[in-house]
Amino acid sequence: MEITAQMVKELRESTGAGMMDCKKALGEANGDMEKAVDILREKGLGQAAKKADRLASEGLVSVEVCAECKAATISEINSETDFVARNPQFQALTKDTTAHIQAKSIQDVETLNSSVINGVKFEEYFKGQIATIGENLVVRRFETITADANGVVNGYVHSNGRVGVLIGAACENATVAAKAQEFIRNLCMHAAAMKPSVISYKDLNKEFVEKEFIALRAELEKENDELKRLGKPLHHIPEYASRCQIGEAELEKAKKDIENELKAEGKPEKIWDKIIPGKIDRFYADNTVLDQRLTLLGQFYVMDDKKTVEQVIAEKSAELGGKIEIVKYVRFELGEGLEKKVDDFAAEVAAQIG
């Protein structure tokens, strides 16, 4: 199969590997893009869990949270240029649309278009805005999350309007939910910056984890070759990449290894119970790199990077007098999911509008 320059470019953008490495991998895979990605990762040439470059689209992400923190809505409205994204009329349009979606409990674009806003059908209202602003616009996606009496939702949109996050939590009681509002907003800010894909390691696909583990080890081993040459400390090569790979048997083995290590060091058995918990924490930290990259609960908290988000939530639960559990997470980044296959965003927007 002929390997085109476009195929090489696409593979390079999705893996971060060199051009010649990409061309060779595509040749080995006979043009199969997914297989070529695996080949690069197994050789340590493609970064683990590196997302493909996304089309640098324009527009705004908007977030609307009700006063009681029981409903939160996020939307993405695309424009052709960043000039329009800075236009006060377009900014007002995004806010009004997001508030309308929440107020009317709208779930899809078809329902949105047939709904009534300011006395007219939304579809007509939006066309009028396009005519006034003078550029193609599209409501690309939106989502609303809600909470019951014992729940809380909150949201955050970054100042540039390119990233927004919603998080919903179930709490032990209504009092804890009311007290947790600001904390949940802080978690949204963390997620905006750190880009977790899912809430927990339990949400990761086991097959995906196994593939990424191969890539992660190859990546670290390749970096160690260079560190060794420079005489610098080497990366620890983990036994696992995620807690979803660590069951009772694996944990028992880790504890046995720690006990053997303590025995070899001559540490008295009567103090082992004080040492082992810290060693187990270190074991998890060393063997959950993928969780730290991709899961909200597994990441180290931006406001206290000595603790994971999971640990911070446990501490906050104790402080507020009741359990807090994250049950919903939504993150929109402008242009996310629009693969970089066309350079003309105006054409992409026009295609969405149909």
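An unreviewed UniProt entry lists the protein chain under the name Elongation factor Ts, with Campylobacter californiensis as the source organism. Per its UniProt entry, the protein chain bears the Function (unreviewed entry) comment "Associates with the EF-Tu.GDP complex and induces the exchange of GDP to GTP. It remains bound to the aminoacyl-tRNA.EF-Tu.GTP complex up to the GTP hydrolysis stage on the ribosome." Listed in UniProt under the heading Subcellular location (unreviewed entry), the comment for the protein chain reads: "Cytoplasm".

Peer 1: Describe in detail the overall build of the protein chain, supporting the description with residues and values.
Peer 2: Summing up its helical and strand segments, the protein chain has 15 helices and 10 strands in all. Dimensions of the protein chain, computed from the C-alpha atoms along their principal axes, are close to 80 × 65 × 30 Å. Relative to its 354 residues, the protein chain shows a buried fraction of 42%. The contacts in the protein chain between residues at least 6 apart in sequence include a share of 67% that link residues at least 24 apart. Positive and negative side-chain charges of the protein chain, numbering 49 and 60 respectively, have mean locations separated by a distance of 4 Å.

Peer 1: Break down helix α1 (residues 5-15) for me, with residues and values.
Peer 2: All buried positions along α1 are accounted for by Met7, Val8, Leu11, Glu13, Ser14 and Thr15. Just past α1, the residue Gly16 takes up positive phi, approximately 80 degrees.

Peer 1: Which residues make up unusual backbone geometry, and what values do they have?
Peer 2: Most peptide bonds take the trans form, and the phi angle of most residues other than glycine is negative. Even without glycine at this site, Asn118 takes up a positive phi of about 55 degrees. With respect to the helices and strands, the residue Asn118 is situated in the loop between β3 (116-117) and β4 (120-121). In this structure, Lys195 takes a positive phi of about 60 degrees despite not being glycine. With respect to the helices and strands, the residue Lys195 is situated in the loop between α9 (181-194) and α10 (206-230).

Peer 1: With reference to specific residues and values, describe α10.
Peer 2: Look at α10: 36 Å from first C-alpha to last across 25 residues, which is about the 36 Å you get at 1.5 Å a residue. By the N-cap criterion, in which a side-chain oxygen at the helix start approaches the backbone nitrogen of a residue two or three places on, α10 is capped by Asn205, the distance to Glu207 being 2.9 Å. Looking at the residues trailing α10, positive phi occurs at Gly231, about 70 degrees.

Peer 1: Quick rundown of the UniProt feature "domain: Translation elongation factor EFTs/EF1B dimerisation" (unreviewed entry) in the protein chain? Include the residues and the values.
Peer 2: Under the present numbering, the feature "domain: Translation elongation factor EFTs/EF1B dimerisation" (unreviewed entry) in UniProt falls on residues 72-336. Regarding residues 72-336, the helix share stands at 50% and the strand share at 20%, and the terminal C-alpha atoms are separated by 20 Å.

Peer 1: Outline the sheet that holds strand β10 (residues 324-333), supporting the account with residue identities and numerical values.
Peer 2: The sheet built from 3 strands is open, its strands ordered β6-β7-β10 with antiparallel pairing. Lying at the two open borders of the sheet, with one neighbouring strand each, are β6 (151-157) and β10. Going across the sheet, the axis of each strand differs from the next one's by a mean of 15 degrees, ignoring polarity. Taken together, the 9 bridges between strand β7 (residues 163-171) and β10 define a ladder with antiparallel strand orientation. Paired with Leu166 across the two strands is Val330, which belongs to β10.

Peer 1: I'd like a description of the packing of α1 against helix α2 (residues 19-28), backed by residues and values.
Peer 2: For the pair α1 and α2, the least separation of the axes is 9 Å and the interaxial angle reads 115 degrees. With respect to their mutual orientation, α1 and α2 come out roughly perpendicular. Considering the relative orientation of α1 and α2, their crossing is right-handed. Here Met7, Val8, Leu11, Arg12 and Thr15 of α1 lie close against α2, whose contacting residues are Met19, Cys22, Lys23, Ala25 and Leu26.

Peer 1: An account of the sheet that holds strand β2 (residues 71-79) is requested, with residue identities and associated values reported.
Peer 2: Strand order across the open sheet formed by 3 strands is β1-β2-β5, with antiparallel pairing between neighbours. Sheet topology places β1 (58-65) and β5 (138-146) at the edges, where each strand pairs with a single neighbour. For this sheet the average axis-to-axis angle between neighbouring strands, irrespective of direction, equals 10 degrees. Sheet analysis places β2 next to β5, joined by 8 bridges and oriented antiparallel. Along β5, the bridge assignment pairs Asn78 with Val138.

Peer 1: Which residues make up the side chain of Asn186, and what are the values?
Peer 2: Along the chain, the position of Asn186 falls in helix α9. For Asn186, the contacting residues outside a window of four places in its chain are Tyr301 and Met303.

Peer 1: Please provide a residue-by-residue account of the UniProt feature "coiled-coil region" (unreviewed entry) in the protein chain, values included.
Peer 2: Per the UniProt record, "coiled-coil region" (unreviewed entry) is found at residues 206-264. In the segment residues 206-264, helix accounts for 71% and strand for 0%; the C-alpha atoms at its two ends are 36 Å apart.

Peer 1: Tell me about the environment of Cys66, residues and numbers included.
Peer 2: Structurally, Cys66 can be placed in the loop between β1 and β2. A relative accessible area of 18% places Cys66 in the buried class. Separated by 154 residues in sequence, Cys66 and Leu220 place their C-alpha atoms 45 Å apart. The contacts of Cys66, once residues within four sequence positions are left out, are Ala71 and Gln102.

Scoring rules and cut-offs
Residues numbered from 1 in each chain as written. Predicted model: local features only at pLDDT ≥ 70, side-chain atom pairs only at ≥ 80, totals over all residues. Heavy atoms only, no water. UniProt positions renumbered as here; feature names shortened; annotations may be inferred. Helix = DSSP H or I, 4+ residues; strand = E, 2+ residues; numbered from the N terminus. Buried < 20%, exposed > 50% of the residue type's maximum accessible area, 1.4 Å probe, protein only. Contact = heavy atoms within 4.5 Å. Lys, Arg positive; Asp, Glu negative; His and termini not counted. Charge placed at Lys NZ, Arg CZ, Asp CG, Glu CD. Expected span 1.5 Å × (residues − 1). Polar contact = N/O pair within 3.5 Å; in protein donor to acceptor, adjacent residues only side chain to side chain. Pairing = 2+ DSSP bridges. Axes fitted to C-alpha atoms, helices over the stretch in contact; angles between N-to-C directions. Parallel < 35°, antiparallel > 145°, perpendicular 65-115°, else oblique. Left-handed = near helix turned anticlockwise from the far one by under 90°.

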